[in-house]
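Residue-level structural notes
Each chain is listed here by its residues.
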Amino acid sequence: MRLSASVIALSLIGLPVPAVVREPALAVRASGGWETWWRADAAPIRWSAALPAVADRVEWRQAAPGVEWGEFSLSGDGEAFRVRVIVARLDPSLLEFRLVKPADGQVFAGRWAVDDAPAEAVFAVNAGQFTDQPWGWVVQDGVERQAPGRGPLAPGVVVDGSGAVRLVSPDSLGLVQASTAFQSYPTLLAGDGEVPLPLRVDGVGVDRVHRDARLALGVQRDGKVLVAMTRFEGMGGVLANIPLGLTTPEMAAVMGALGASSAVLLDGGISSQMLIRSGSEREVWTGWRRVALGLVAVPR
């Protein structure tokens, strides 16, 4: 926790000291109990590698060639006292990523859900941010369906002709060739694991204290894609779809600790949803709201 100068002064002259607000922190469930691994008042400016205290808590399971997934539990402040993180690790050398539209043929109708993913999809997730339509840049099958949006923390998630996935800064979106692309915000990790200034300083355009169910996409240094989704784990997980959870800076820390070098939030809250298919079996985390656009991965 951090003591302000006013609190220290009051204590020195013998006047009542108001309750000290503890700086937000995150702990991960380990074999010996809860281990604190991140504090807001000592948060890294850059994540140069995965943090074993977190990354090693994921027990990876292979669902299909190129698709691994696992879970771990976090404990944070307030309503984030119990949070489950579901994380998928995807290998673009074995998978093809596509943006899909609703089955009724309407591209931007706000009617897509992971249950609509094609039978051959081994992974599916809601893509980008949206109202009734996706926000910002959309490229499907090499065709630009929607022009880039404006925003300093609004990168494009780009799949190039080779199938590699990367995050591209918003000022470069008009200069890149993409077979599949969409735009989202805000950036969680930019450059080589750097946490953007608005996630570290108040009053620079990002709400740093709002808590919600979160969904994020990142890229590791080896080119693999990480998708992490949170679910409220209080009351035994009965209320898993309640939109309670982490702040934006905390989700940036999760992605950095898992090994992402770049990352962006996707639409979370009641929109977040994910599907992982293993043969005839599937794991599904549904959302309460249908969305405008979905990202799926199919075997190459």
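Attention here is on the structure that accompanies the text. The structure displayed is predicted, hence computed values, not measured ones. (Residues numbered from 1 in each chain as written. Predicted model: local features only at pLDDT ≥ 70, side-chain atom pairs only at ≥ 80, totals over all residues. Heavy atoms only, no water.)

Another aspect to go through is the pairing of strand β15 (residues 225-232). For β15, the tally of buried residues reaches eight of eight residues, placing the bulk of the element in the interior. Where burial is concerned, the two faces of β15 agree: the one with V225, V227, M229 and R231 and the one with L226, A228, T230 and F232 are both buried. Where strand β5 (residues 83-90) and β15 come together, eight bridges link them in antiparallel fashion. By the bridge assignment, R89 is partnered in β15 with L226. Where strand β14 (residues 215-220) lies against β15, five bridges are found, and the strand directions are antiparallel. (Buried < 20%, exposed > 50% of the residue type's maximum accessible area, 1.4 Å probe, protein only. Helix = DSSP H or I, 4+ residues; strand = E, 2+ residues; numbered from the N terminus. Pairing = 2+ DSSP bridges.)

We now examine helix α3 (residues 248-258). Most of α3 is tucked away, with 11 of its 11 residues classed as buried. Taken together, the buried positions of α3 are occupied by T248, P249, E250, M251, A252, A253, V254, M255, G256, A257 and L258. Positive backbone phi, at 110°, marks G259, one or two positions downstream of α3.

It is worth spelling out a nonpolar patch on the surface at this point. A surface patch of nonpolar side chains, about 210 Å² in accessible area, is lined by L197, V201 and V204. Looking at where V201 falls in the secondary structure, it is placed in the loop between β13 (187-189) and β14. With relative accessibility at 35%, the residue V201 sits in the partly exposed group. (Patch = residues over 30% accessible without salt bridge, like charges linked within 9 Å, V, L, I, M, F, W, Y side chains within 5 Å. Areas by Shrake-Rupley, 256 points an atom, 1.4 Å probe, with all protein chains shown as cover. Salt bridge = Lys/Arg side-chain N within 4 Å of Asp/Glu carboxyl O.)

Take S272: it is sitting in the loop between β16 (260-265) and β17 (274-278). A polar contact is formed between the side chain of S272 and the side chain of R231, at a distance of 3.0 Å. A distance of 3.1 Å separates a polar atom in the side chain of S272 from the backbone oxygen of G269. Ignoring sequence-local partners within four residues, the contact set of S272 consists of N126, A213, L215, M229, R231, D267, W285, T286 and G287. (Polar contact = N/O pair within 3.5 Å; in protein donor to acceptor, adjacent residues only side chain to side chain. Contact = heavy atoms within 4.5 Å.)

Attention shifts here to the layout of surface pockets. When its volume is computed, the largest pocket comes out at roughly 420 Å³. The wall of the largest pocket is formed by 22 residues, among which W38, A40, L199, R208 and P249 lie closest to the centre. Its residues assigned to classes, the lining of the largest pocket comprises 13 nonpolar, one polar and eight charged. (1 Å grid on protein atoms, 1.4 Å probe; cavity = no way out; pocket = protein on both sides within 12 Å on 5 of 7 lines; lining within 4 Å. Points joined across faces, edges and corners; volume = space filled by probe spheres on them. Nonpolar A, V, L, I, M, F, W, Y, C, P; charged D, E, K, R; others polar.)

On to the pattern of salt bridges, then. On inspection of all chains with the given rule, the structure shows 13 salt bridges. In this structure, the salt-bridge partner of R84 is E233, at a minimum N-O distance of 2.5 Å. Residue R84 is found in strand β5, and its partner E233 is found in the loop between β15 and α3; the two are separated by 149 residues along the sequence. Judged by its relative accessible area of 16%, E233 falls in the buried class. A salt bridge links R98 to E96, with the shortest nitrogen-to-oxygen separation between them at 3.2 Å.

Now for the sheet that holds strand β10 (residues 156-159). Read across the sheet, five strands follow the order β9-β8-β12-β10-β11 without closing on themselves; strand pairing throughout is antiparallel. Sheet topology places β9 (143-146) and β11 (165-168) at the edges, where each strand pairs with a single neighbour. On average, adjacent strands in this sheet sit at an angle of 25° to one another, irrespective of strand direction. (Axes fitted to C-alpha atoms, helices over the stretch in contact; angles between N-to-C directions.)

For R211, the location among the structural elements is in the loop between β13 and β14. Separated by 3.2 Å, the side chain of R211 and the backbone oxygen of G245 make a polar contact. A polar atom in the side chain of R211 sits 2.7 Å from the side chain of E250. In contact with R211, other than residues within four places in its own chain, are P24, D77, E79, A80, P243, G245, L246, T247 and E250.

So, about unusual backbone geometry. Along the chain, Y185 connects to P186 via a cis peptide bond; the corresponding omega equals -10°. Note on placement: P186 falls in the loop between β12 (180-183) and β13. For D141, which is not glycine, the phi dihedral falls at a positive 55°. Here D141 shows up in the loop between β8 (138-140) and β9. Accessibility expressed as a relative area gives 67% for D141, which makes it exposed.

Pairing within the open sheet is antiparallel, and its five strands lie in the order β6-β19-β7-β17-β18. One side of each edge strand has no neighbouring strand; the edge strands of this open sheet are β6 (95-100) and β18 (281-285). Across the sheet, the axes of successive neighbouring strands diverge by a mean angle of 15°, strand direction being ignored. Of the strand pairs in this sheet, strand β7 (residues 123-126) and β17 are connected by three bridges, and their pairing is antiparallel. Across the sheet, the residue bridging to A124 is L275, located in β17.

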